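# Observations on the three-dimensional arrangement
Chain by chain, the residues run as shown.
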Amino acid sequence: FQVVGESGLFNPDDVAYVQNAGVSAVLVGESLVKQADPGRAIAGLFGKELVH
Ligand SMILES: O=P(O)(O)OC[C@@H](O)[C@@H](O)c1c[nH]c2ccccc12
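Residues numbered from 1 in each chain as written. Predicted model: local features only at pLDDT ≥ 70, side-chain atom pairs only at ≥ 80, totals over all residues. Heavy atoms only, no water.

### With respect to the site of the ligand
Around the ligand, a shell composed of Glu6, Ser7, Gly8, Leu27, Val28, Gly29 and Glu30 is seen. Residue glutamate 6 places a side-chain N or O atom 3.5 Å away from a nitrogen atom belonging to the ligand. Starting from 440 Å² of accessible surface for the ligand in isolation, the protein chains cover 51%. For the shell around the ligand, the residue count by class is two nonpolar, three polar and two charged. (Near = heavy atom within 4 Å. Polar contact = N/O pair within 3.5 Å; in protein donor to acceptor, adjacent residues only side chain to side chain. Areas by Shrake-Rupley, 256 points an atom, 1.4 Å probe, with all protein chains shown as cover. Nonpolar A, V, L, I, M, F, W, Y, C, P; charged D, E, K, R; others polar.)

This is how it looks when you write it as structure tokens:
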């Protein structure tokens, strides 16, 4: 089965933290809907800049 990390993930450190704890997917809500540019916010969460 898949373990999902959810809630309270606001930055790349948070995502890395739950990944280190063994999750294979993340569910992010608040930190994305508060961003003006969700695509960029997703890229930022995973430590990548979007090509533009
Ligand atoms: O906004 P956050 O803290 O990133 O959380 C996202 C998500 O985990 C959360 O919205 C959620 C997970 N399961 C739910 C079920 C119903 C409503 C909301 C949720």
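So much for the structure itself; the text now carries on.
### Digging into the UniProt feature "domain: Indole-3-glycerol phosphate synthase" (unreviewed entry) in the protein
UniProt marks residues 2-43 with the feature "domain: Indole-3-glycerol phosphate synthase" (unreviewed entry), using the numbering shown here. Across residues 2-43 one finds 45% helix and 14% strand; the C-alpha atoms that close the span lie 22 Å apart. (UniProt positions renumbered as here; feature names shortened; annotations may be inferred. Helix = DSSP H or I, 4+ residues; strand = E, 2+ residues; numbered from the N terminus.)

### Side note on the confidence of the model for the protein
Put simply, the protein has an average pLDDT of 88, and 90% of its residues get 70 or more. Interface confidence in the predicted complex, given as ipTM, is 0.83; pTM for the same model is 0.82. (pLDDT = per-residue confidence, 0-100.)

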